[in-house]
Amino acid sequence: MSSLSRLIAPLRFGRWSRAMLAASIMLVLQACSVELYSGLNQRQANEIVATLIRHGIPAQREAGKDGTMTVFVEKDRFAEAMAILDESGLPKQEFQTLGDVFKRSGIVSSPAEERATMIYGLSQELSRTISEIDGVLSARVHLVLPENDPLKQGLVPSSASVFIRHRASVPLNDLIPQVKMLVAKGVAGLTYDNVSVTLVPVAATPELSTGEAGFTTFLGLWLHPDSVAAAQWLFYGMIAVIAALAGWVVYSRWYRRPSVYALEVPAKKA
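Residues numbered from 1 in each chain as written. Predicted model: local features only at pLDDT ≥ 70, side-chain atom pairs only at ≥ 80, totals over all residues. Heavy atoms only, no water.

Asks: For the nonpolar core, give the residues involved together with the corresponding values.
Replies: One finds Ile130, Leu143, Val162, Ile164, Val183 and Val195 to be the most contacted residues of the largest nonpolar core, which totals 20 residues. Listed by contribution, the elements that provide at least two residues to this core are helix H6 (111–131), strand E4 (136–144), strand E5 (159–167), helix H7 (176–186) and strand E6 (195–202). For valine 183, the residues in contact, after removing those within four places along its chain, are Leu126, Ile130, Leu143, Ala160, Val162, Leu190 and Val195. Counting residues in each nonpolar core, the second largest holds 15 residues, with Leu40, Ile57, Ala59 and Val73 among its members. (Core = buried A, V, L, I, M, F, W, Y, C linked by side-chain atoms within 4.5 Å. Buried < 20%, exposed > 50% of the residue type's maximum accessible area, 1.4 Å probe, protein only. Helix = DSSP H or I, 4+ residues; strand = E, 2+ residues; numbered from the N terminus. Contact = heavy atoms within 4.5 Å.)

Structure follows, in structure tokens:
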């Protein structure tokens, strides 16, 4: 049971009244929140929320009806949150496997389409492998595999270009030979010398703990200290309103109706 439910449960209201109260409070407290990302899986949402909290930005995640997750942040900190996620390479790109790109749809593909699909699948597989290296934020592999005619002279060799965006604190210059060897061995007809690697270091934003940022929790929500008092007044004010409504209902039902024990006064004779 959440902290909000534990606070509301002792009140003598019905189940629907407590649910409406909790929903009203959540809606009001989130009125200043905006959607940051949607259509995420649980792991992506958890990584985003954890990263933002480490940098002192409170974030929340909600599950949708389709099973995907949506992350919300305060409206005033939307731009800052996007900058932090961009520097952190989040949400991480979902790569396709060869099995995904070669799923048959019942339509016969041409040889050119089959070749393009194979090149795309190889690029996705290599990009996914390189992105798993520690310190890599994102990686892309572009393959150029010309379809040469063996009867012609002057064949165009295959080539590959690797783009790696990584944390500046993690030097990857020493791994360039291994990356080139990985790509060259992963594609038939590609040589080591025809693989180029471009490294782009990204300076990380200093991370802040929750305590350093000065945020606190109220009813399970991360709030700035200046907003806690308003949230408390809102919470207790809504409880007072519901209590008054409940008292009015009780009074209307039991004290304003005619008493069943009232005695009949006999009519006077003329």
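Asks: Pulling in residues and values, what's your account of the sheet that holds strand E1 (residues 33–40)?
Replies: Judged by pairing direction, the sheet is antiparallel, and its 3 strands sit side by side in the order E1-E3-E2 without closing on themselves. One side of each edge strand has no neighbouring strand; the edge strands of this open sheet are E1 and strand E2 (59–63). Geometrically, the sheet is characterised by an average inter-axis angle of 25° between neighbouring strands, direction not taken into account. Relative to strand E3 (residues 69–74), E2 runs antiparallel, the two sharing 5 bridges. Looking at E3, one finds that glutamate 62 is bridged to threonine 70. Packed onto the sheet, helix H4 (residues 78–88) meets E1 and E3 and runs at close to 35° relative to E1. (Pairing = 2+ DSSP bridges. Axes fitted to C-alpha atoms, helices over the stretch in contact; angles between N-to-C directions.)

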